[in-house]
Amino acid sequence: MNSSITRTIPLKGADQLILLGFHDEHLHLIEKAFPASVVVRGELISITGEEKPVHALERLFTELLFLVNRNGRLDGHDVRTVINMIKAGQGKVSSESGNGSTVILYGKKGVIRPRSAGQTAYVTAVNQNDIVFAIGPAGTGKTYLAVAQAVARLREKAVSRIILTRPAIEAGESLGYLPGDLMEKVDPYLRPLTDALFDMIPSEQLQKYVERKIIEIVPLAYMRGRTLNDAFVILDEAQNTSTGQMKMFLTRLGINARAIVTGDTTQIDLSEQVTSGLVQIQEVLLNIEGIAFVYLDKTDVVRHRLVKDIIEAYEQFQNHSCSTGDQSADETV
């Protein structure tokens, strides 16, 4: 006699009405197709039964969650198609397997979860603190994971809106020389934030969120004078804030507000006369309960494999230049 096992699948950020169907019609189809018990409680699916059907159901729900978050809808035909694929051994797991407890969000391309020790520490810090500073080099997932955390909180109704902001400063270029009105001028600077959102929210739903101001993507200058209640706020590229801008941003937070501040202190585009707010804040806010600093490094890089090598090469070059007294080392960063 085979022993019974239990597996759980988190539903963080998933629309359960779409997934399970009206009056649980999708769930009933699934229960009829596999000899295992499926129980949904809160943000968790619990599957109990013999090993083979339980593993099949794990794969099934992974596929269905992928479809829900890619398309923003799911019907009975979709559910029956995936059931038949899984039963025929043709189901393709659309996301990485792993410990479900680390899942942040089911996005359009599959499960979003931390993929390194540093990223895991980052996610843990966000879960335990109201303000988190994530500091590290390019490619370590600082912005992407921040946006995923915000979308998950919005879907869980822990907050009622998301506000994403960036300083409009890049490599010393002036906005005045760019074509278009102000929002068209700053759009390129905010593009990494919108790219992340497109990976996580169906396009039609994202458009509605933006139109209803449930999601706002604004340049940092537009934050002055606001009070942000019941919101998840992200300040990206914070190394390019002045000390005054950093203070202004942090003092915008209102009741039931959370914030993530991301930046790379090796890529500061401010003039030499201006102190980076992200550099200074690491001394100002030390040892304050509810505020955490997380430091990512080249071991947390999740982009192209060469990005890690490039970061390491720059570090070695800078260290060599400093040891030989070459004052041009900073110009390479």
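Residues numbered from 1 in each chain as written. Predicted model: local features only at pLDDT ≥ 70, side-chain atom pairs only at ≥ 80, totals over all residues. Heavy atoms only, no water.

Caption draft 1: Structural detail: the pattern of salt bridges. Tallied over the entire structure, the rule returns five salt bridges. Arg258 serves as the salt-bridge partner of Asp130, at 3.7 Å between the closest nitrogen and oxygen. A residue pair is termed long-range when its members are at least 10 positions apart, and Asp130 in the loop between helix 5 (117–128) and strand 6 (131–135) and Arg258 in strand 10 (residues 258–263) qualify at 128 residues. On the accessibility criterion, Arg258 (18% relative accessible area) is buried. Two residues, Glu216 and Arg161, come together in a salt bridge whose shortest N-O distance is 3.9 Å. Here Glu216 is found in strand 8 (residues 215–219), whereas its partner Arg161 is found in strand 7 (residues 161–166), with 55 residues between them in sequence. Judged on exposure class, the residue Glu216 and its partner Arg161 are both buried. Among the charged side chains, a network of salt bridges with common partners joins Arg161, Glu216 and Arg226. (Salt bridge = Lys/Arg side-chain N within 4 Å of Asp/Glu carboxyl O. Helix = DSSP H or I, 4+ residues; strand = E, 2+ residues; numbered from the N terminus. Buried < 20%, exposed > 50% of the residue type's maximum accessible area, 1.4 Å probe, protein only.)

Caption draft 2: Just helix 2 (residues 25–33), in detail. Turning to helix 2, its buried residues are His26, Leu27, Ile30 and Ala33. Looking straight down helix 2, one finds its buried side chains confined to an arc of 125 degrees; they lie on one side. (Arc of directions from axis to C-beta.)

Caption draft 3: Region of interest: the pairing of strand 2 (residues 36–41). Relative to strand 3 (residues 44–49), strand 2 runs antiparallel, the two being bridged by six bridges. Bridge assignment links Val38 to a residue of strand 3, and that residue is Ile47. Counting the residues in the hairpin turn of strand 2 and strand 3 gives two residues, including Gly42, whose phi is positive at 60 degrees. (Pairing = 2+ DSSP bridges.)

Caption draft 4: Highlighting the sheet that holds strand 11 (residues 291–295). Here six strands make up an open sheet; going across it, the order is 8-7-9-10-6-11 and the pairing parallel. At either end of the open sheet lies a strand with only one pairing partner, and these are strand 8 and strand 11. For this sheet the average axis-to-axis angle between neighbouring strands, irrespective of direction, equals 15 degrees. One ladder, built from five bridges, connects strand 6 with strand 10; its direction is parallel. In the sheet register, Ala134 faces strand 10, and the bridge partner there is Thr262. (Axes fitted to C-alpha atoms, helices over the stretch in contact; angles between N-to-C directions.)

Caption draft 5: Structural detail: the nonpolar core. Counting 37 residues, the largest nonpolar core has Tyr122, Leu197, Met200 and Ile215 as its most contacted members. If one sorts the elements of this core by residue count, helix 6 (residues 142–155) sits on top with eight residues. For Met200, the contacting residues outside a window of four places in its chain are Leu105, Gly107, Lys108, Ile112, Tyr144, Val147, Ala148, Val151 and Arg155. One finds Ile30, Val54, Leu74 and Tyr106 within the second-largest nonpolar core, a separate group that totals 32 residues. (Core = buried A, V, L, I, M, F, W, Y, C linked by side-chain atoms within 4.5 Å. Contact = heavy atoms within 4.5 Å.)

Caption draft 6: Structural detail: the side chain of Thr262. Within the fold, Thr262 resides in strand 10. If we skip the residues at most four places from it in the chain, Thr262 touches Tyr122, Ala134, Lys142, Thr143, Ala146, Leu235, Asp236, Glu237, Ala238 and Gln239.

Caption draft 7: Broad picture of the confidence of the model for the protein chain. Of the residues in the protein chain, 84% have a pLDDT of 70 or more, and the chain-wide mean is 83. For the stretch residues 93–101, pLDDT sits under 50, and the model shows 19 contacts to residues farther than four places along the chain or on other chains. Within the model, the stretch residues 327–333 combines pLDDT values under 50 with nine contacts to residues more than four positions away or in other chains. (pLDDT = per-residue confidence, 0-100.)

Caption draft 8: How the structure looks around the side chain of Asp199. One can find Asp199 in helix 7 (residues 182–200). Looking at Asp199, its side chain comes within polar contact range of the side chain of Tyr144, at 3.1 Å. Setting aside residues up to four positions removed in sequence, Asp199 forms contacts with Gly107, Lys108, Lys109 and Tyr144. (Polar contact = N/O pair within 3.5 Å; in protein donor to acceptor, adjacent residues only side chain to side chain.)

Caption draft 9: Local environment of the packing of aromatic side chains. In the structure shown here, the tally under the stated rule is one aromatic pair. With a centroid separation of 4.6 Å and an interplanar angle of 10 degrees, the aromatic rings of Phe133 and Phe293 are classed as stacked. Note that Phe133 is positioned in strand 6 and Phe293 in strand 11, a separation of 160 residues in sequence. (Phe/Tyr/Trp six-rings, centres within 6.5 Å; stacked < 30°, edge-to-face > 60°.)

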